[in-house]
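# A closer look at the structure
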Amino acid sequence: MKKQLLLLLIPVLAFNLVGQAQGITDAERKAAIKNLKTTQKDLLSSIRGLSTEQLNFKSSPESWSIAECVEHIAISETNIFQGMIQGTLKAEATPEKRSEVKLSGDGVYDAIVDRTYKVKTQEAFVPTGKFGTHDATVAEFLNKRKANIEYLETTSDDLHGHYFTFPVEALGTVDSYQLFYFMSGHSKRHTLQIEEVKSNAAFPAK
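All values reported here derive from a predicted model rather than from experimental measurement.

Before going further, it helps to spend a moment on the overall build of the chain. What the chain contains, in helices and strands, is seven helices and two strands. Along its sequence from the N terminus, the chain presents helices and strands in the succession α-α-α-α-α-α-β-β-α. Split into buried and exposed, the 206 residues of the chain put 43% on the buried side. Counting contacts in the chain only where the partners sit at least 6 residues apart, residues at least 24 apart contribute 83% of the total. Accessible area of the chain: about 11,800 Å², with a carbon and sulfur share of 56%.

Put into structure tokens, the structure is as follows:
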């Protein structure tokens, strides 16, 4: 009788183990959400109280203004989630790629934040004034960031079994969960760019 009971329990136990392997832990969930909230706060603090002239100031003809940096962040918030994170999850899980991952989540964050490493922006991420006004652009960012945080709060998706490979050696292959570190690091990267614009000697006083 005990043997029969054990045989009945094995599939249940196996199912539970698979379920645990597919999801992220509570600690991982909290860490990624904390990063997203912190970098959101950093961005809002960096642009708070800036005038229209300050928002549109360019340190050189080919550089981005602060308003354009904010728009780029807002665009990226959607593109990273829908194009990269959701894109990986639509494909079959490939857990065998785990050995290709060289960075931790924090490592991914640090790599994208490092502004000594220059990356050419893809056309889909280039600011074009698509949201109309700066206030509308900030609202777009906040709405998308809120949605991305809410997804992390509730998801049971297999974020460790799907992967994305960047064409740059500094990042390489990362899993879907680490793409949230890329997202928060990306907004921090351009918040630092905003601070660089503000530190320019010709930046308007008001």
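Don't stop here, the text continues.
The subject of this paragraph is the environment of Ile75. Examined against the element boundaries, Ile75 turns out to sit in helix α4 (residues 66-90). Note: C-alpha distance between Ile75 and Phe125 (50 residues apart in sequence) is 6.1 Å. Filtering out sequence-adjacent residues up to four positions away, Ile75 remains in contact with Ala124, Phe125, Val126, Pro127, Lys130 and Phe131.

Quick look at helix α6 (residues 134-154) now. Taking 1.5 Å per residue, 21 residues should reach 30 Å; α6 reaches 31 Å between its end C-alpha atoms and fits that length. Where α6 is concerned, the buried positions are Thr137, Val138, Phe141, Arg145, Asn148, Ile149, Tyr151 and Leu152. Summarising the axial view, the buried residues of α6 lie within an arc of 155 degrees, below the 170-degree limit, and thus occupy one face. In α6, the exposed positions angled more than 90 degrees off the buried face are occupied by Asp135, Asn143, Lys146 and Thr154. On its buried side, α6 packs onto α2 (26-47), α4 and α7 (178-198).

Before going further, it helps to examine the nonpolar core. The tendency in soluble globular proteins is for nonpolar side chains to be buried side by side. In this structure, Ile85, Leu152, Leu159, Phe180 and Phe182 are the most contacted members of the largest nonpolar core, which totals 28 residues. Counting only elements with at least two residues in this core, the list comes to α2, α4, α5 (105-113), α6 and α7. Counting residues in hydrophobic clusters, the runner-up holds 17 residues, among them Ile47, Ile66, Ile73 and Ala74.

Evaluation of the coordinates by the stated rule reveals seven aromatic pairs. Here the aromatic rings of Phe57 and Phe203 are separated by 5.6 Å at their centres, their planes lie at 85 degrees, and the arrangement is edge-to-face. Here Phe57 is found in the loop between α3 (52-56) and α4, whereas its partner Phe203 is found in the segment after α7, with 146 residues between them in sequence. On the basis of relative accessible area, Phe57 is assigned to the buried category, the value being 13%. Assessed through its relative accessible area of 15%, Phe203 is described here as buried. Residues Phe81 and Phe180 carry aromatic rings whose centres are separated by 6.4 Å and whose planes lie at 55 degrees to one another, so their mutual orientation is tilted. With a gap of 99 residues between them, Phe81 in helix α4 and Phe180 in helix α7 connect regions that are remote in the sequence. Across the pair, Phe180 and Phe81 agree in class, each one buried.

This part takes up the pattern of salt bridges. Within this structure, the stated rule accounts for six salt bridges. Among the ionic pairs, Glu196 bridges to Arg115, the shortest N-O distance being 2.9 Å. Of this pair, Glu196 sits in helix α7 while Arg115 sits in the loop between α5 and α6, and the two are 81 residues apart along the sequence.

Among the structural elements, Asp175 can be located in strand β2 (residues 173-175). For Asp175, a relative accessible area of 1% gives the class buried. Excluding residues within four positions of it along the chain, Asp175 makes contact with Arg98, Val101, Leu159, His160, His162 and Tyr163.

A word on the packing of α6 against α7. Packed helices, taken two at a time, are described by the angle between their axes plus the distance between the axes. Interhelical geometry of α6 versus α7 gives an angle of 155 degrees and a closest axis separation of 12 Å. It follows that α6 is roughly antiparallel to α7 by the angle criterion. With respect to the hand of their crossing, α6 and α7 are arranged in left-handed fashion. The residues of α7 that touch α6, namely those facing Arg145, Asn148, Tyr151 and Leu152, are Phe180, Met183, Ser184 and Ser187.

Basis of the calculations
- Starting from 1, residues in each chain are numbered consecutively following that chain's sequence as written.
- In view of the model being predicted, local features appear only for residues whose pLDDT reaches at least 70, and side-chain atom pairs are presented and counted only at 80 or more, with totals across whole chains, interfaces and linings using the full set of residues.
- Processing note: side-chain calculations cover all non-hydrogen atoms of the structure and skip hydrogens and water entirely.
- In this text, helices come from DSSP runs of H or I with a minimum length of four residues, and strands from runs of E with a minimum of two, each type numbered from the N-terminal end.
- Note on exposure labels: buried denotes an accessible area under 20% of the residue type's maximum, exposed denotes more than 50%, and partly exposed covers the range between, all computed with a 1.4 Å probe on protein chains only.
- The criterion used for residue contact is that any of the two residues' heavy atoms lie within 4.5 Å.
- Calculation of accessible area relied on Shrake-Rupley with a 1.4 Å probe; when residues are assessed, cover is drawn exclusively from the protein chains displayed.
- Helices are assigned an expected span. That span is 1.5 Å times one less than the residue count.
- As used here, the arc is the angular range of directions from the helix axis to the C-beta atoms.
- Side-chain atoms within 4.5 Å link the members of a nonpolar core, which is a set of buried Ala, Val, Leu, Ile, Met, Phe, Trp, Tyr and Cys residues.
- Pairing of aromatic rings covers Phe, Tyr and Trp, the last through its six-membered ring, and needs centres within 6.5 Å; plane angles under 30 degrees mean stacked, over 60 mean edge-to-face, and all others mean tilted.
- Throughout this description, the term salt bridge denotes a Lys or Arg side-chain nitrogen within 4 Å of a carboxyl oxygen of Asp or Glu.
- To obtain each axis, a line is fitted to C-alpha atoms, and for helices this fit is confined to the stretch in contact; angles are then taken between N-to-C directions over 0 to 180 degrees.
- Throughout, the term roughly parallel applies to angles under 35 degrees, roughly antiparallel to angles over 145, roughly perpendicular to angles from 65 to 115, and oblique to all others.
- In a left-handed crossing the near helix is turned counterclockwise from the far helix by less than a right angle, and in a right-handed crossing that turn is clockwise.

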